[in-house]
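Report on the structure
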Amino acid sequence: MIKRKQTLIQIRLRQASIMRKRRRAKRVRRLLKTQKRRRKQVKIEPKREYYQPKICQAVAPSNFSITNIEGLLSFISRTEIECRRENKVSFLKVNLDNVNIIDYYAISFLLSFLNKLSSQYIRYWGTYPVDYNARQFIINSGFLSLVKTNIKKPSNTKNANQIFTIGKDSVDSHLIGQVVRDSMMYITGKREIYPPVYDNLLEISANSVEHANKNKLDKNWLISISLENNKVHFIVTDTGEGILATLKKKATEKLLDTFTKGDAEVLHDVFMKLYQSITGEINRHKGLPIILDSFLEGYISDLVVVTNKVYYDFSTNKHRLLKRGFNGVMYSWTISINNYNIWLNSL
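Throughout what follows, the structure given in this document is the object of discussion. All values reported here derive from a predicted model rather than from experimental measurement. (Residues numbered from 1 in each chain as written. Predicted model: local features only at pLDDT ≥ 70, side-chain atom pairs only at ≥ 80, totals over all residues. Heavy atoms only, no water.)

As a general feature of sheets, a regular strand has side chains that alternate between the two faces. For strand E9 (residues 301-313), the tally of buried residues reaches 10 of 13 residues, placing the bulk of the element in the interior. Alignment of E9 against strand E10 (residues 318-335), held across 10 bridges, turns out to be antiparallel. Residue pairing in the sheet places Asn308 in a bridge with Phe326 of E10. The hairpin turn running from E9 into E10, its antiparallel successor, is 4 residues long, and Asn317 in that turn takes a positive phi close to 55°. (Buried < 20%, exposed > 50% of the residue type's maximum accessible area, 1.4 Å probe, protein only. Helix = DSSP H or I, 4+ residues; strand = E, 2+ residues; numbered from the N terminus. Pairing = 2+ DSSP bridges.)

Here you go:
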């Protein structure tokens, strides 16, 4: 009897153990099924990669001046290509270490280009030339007034050289008047308006606003004023597409000029009022012809224009076709007391 009871107990214990194992297996299956369902509902985000900002370096040639205009424009063109929006450049380093020859043309070209990069939110910094004379030229040029630098110009240094960023998408006649008055101080000793230069700057500014760039953020022009041998030297740079690139003419004019005229001749004809404006009105503004008129009348001297692939010196009536083009326009002229007297006597 006792043996039979022990057998029954063992059977029940074994059955209870089997049931516990079945219940445990069922719970495990249910848990695994729940976890699988939850994994499907939760989106697994990919691991974020560290963003490495893209840095571009532009190395200037040793002769960074108008006498090496091919090298100067090649530097600007290469840097502009590398800094295109699609390349997603974040920082630009301008390396001037090797520069031993530099002039106001190079500084004006460089600053206009850097202003244009600012509209693309590209931050830039650079180095100064190792050569002492080139370094001092930059310090005395007015360059430091437009860029952040760790070089402090002595406060007791009196220098007439100035660089002005005149505007973006509007014409600031008040600031242009101030620029002209400041420059005339070194010619006549009086802060007065000199109409030939004032009109030229107004027309260049208006032309830049209207034609230079479709994108308002890219519009900018810059004026450099420097004293050279009792003359005031004006350099005006406009970072647009250039005169020749934006010139719109009648279909018959396009066809004829393609076969009969080169870029230099077309540029000359623009100043000679042979083409209509983009609006279809012939010289709606006095525009470019007024600059040539002021030169021919003797009110300004040494007129030079660089645009696209043309370098045109109106004082010698000679031009040069460039291998590298400039996407914009650079105007350069000088005024002296002789120019002022000629204008004064014409009144």
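Our focus in this paragraph is the nonpolar core. Ranked by size, the top nonpolar core spans 42 residues in total, and within it Phe64, Phe75, Leu92, Ile102, Val306 and Met330 carry the most contacts. Elements that contribute at least two residues to this core include exactly strand E1 (55-59), helix H2 (69-82), strand E3 (91-95), helix H3 (104-118), helix H4 (132-139), E9 and E10. Looking at this core element by element, the count peaks at 10 residues for H3. Beyond its immediate chain neighbours, meaning those up to four positions away, Val306 contacts Ile69, Tyr311, Leu322, Phe326, Gly328, Val329 and Met330. (Core = buried A, V, L, I, M, F, W, Y, C linked by side-chain atoms within 4.5 Å. Contact = heavy atoms within 4.5 Å.)

What follows deals with the packing of aromatic side chains. Here the structure, examined in full by the defined rule, presents 9 aromatic pairs. Between the aromatic rings of Phe64 and Phe75, the centroid separation amounts to 5.3 Å while the plane-to-plane angle is 85°, which identifies the pairing as edge-to-face. Of this pair, Phe64 sits in strand E2 (residues 63-64) while Phe75 sits in helix H2, and the two are 11 residues apart along the sequence. Like Phe75, Phe64 is buried. When the centroid spacing of 5.5 Å and the interplanar angle of 85° are considered together, the rings of Tyr194 and Trp343 count as edge-to-face. Here Trp343 lies in helix H11 (residues 337-345) and Tyr194 lies in the loop between helix H5 (173-184) and helix H6 (195-212), a separation of 149 residues in the sequence. (Phe/Tyr/Trp six-rings, centres within 6.5 Å; stacked < 30°, edge-to-face > 60°.)

So, on to the sheet that holds E3. Spatial strand order, E1-E3-E5: 3 strands in an open sheet with parallel pairing. The open sheet is flanked by E1 and strand E5 (123-126), the only strands paired with a single partner. Between one strand axis and the next, the sheet turns through 20° on average, direction left out of account. Direction of pairing for E1 relative to E3: parallel, over a ladder of 5 bridges. Pairing of Cys56 across the sheet is with Leu92, part of E3. Contacts from H2 reach E1 and E3, with the element oriented near 175° to E1. Sheet strands in contact with H3 are E3 and E5, and its direction is about 170° off that of E3. (Axes fitted to C-alpha atoms, helices over the stretch in contact; angles between N-to-C directions.)

The subject of this paragraph is the pairing of E10. Summarising the sheet, strand E8 (residues 231-238) and E10 pair through 7 bridges and their orientation is antiparallel. Residue pairing across strands places Asp238 opposite Val329, the latter belonging to E10.

For the rest of this paragraph, the subject is the side chain of Thr79. Structurally, Thr79 is set in helix H2. If we ignore the near neighbours within four places in the chain, the residues touching Thr79 are Ala58, Leu92 and Phe113.

Positive phi is not limited to glycine here, since Asp302 has a value of about 55°. Here Asp302 is to be found in strand E9. Accessibility expressed as a relative area gives 33% for Asp302, which makes it partly exposed. With a phi angle near 55°, Asn317 is a residue other than glycine that sits in the positive phi range. Structurally, Asn317 can be placed in the loop between E9 and E10.

Let's shift gears to the pattern of salt bridges. Within the structure shown, the criterion is met by 3 salt bridges. For Arg191, the salt bridge identified is with Asp182, shortest N-O distance 3.0 Å. Accessibility expressed as a relative area gives 46% for Arg191, which makes it partly exposed. The exposure class of Asp182 is buried, given its relative accessible area of 15%. Salt-bridge contacts for Lys231 lead to Asp302; the nearest nitrogen and oxygen are separated by 3.5 Å. Of the two residues, Lys231 sits in strand E8 while Asp302 sits in strand E9, which places them 71 residues apart along the sequence. (Salt bridge = Lys/Arg side-chain N within 4 Å of Asp/Glu carboxyl O.)

These values are about where atoms sit, not about what they do.
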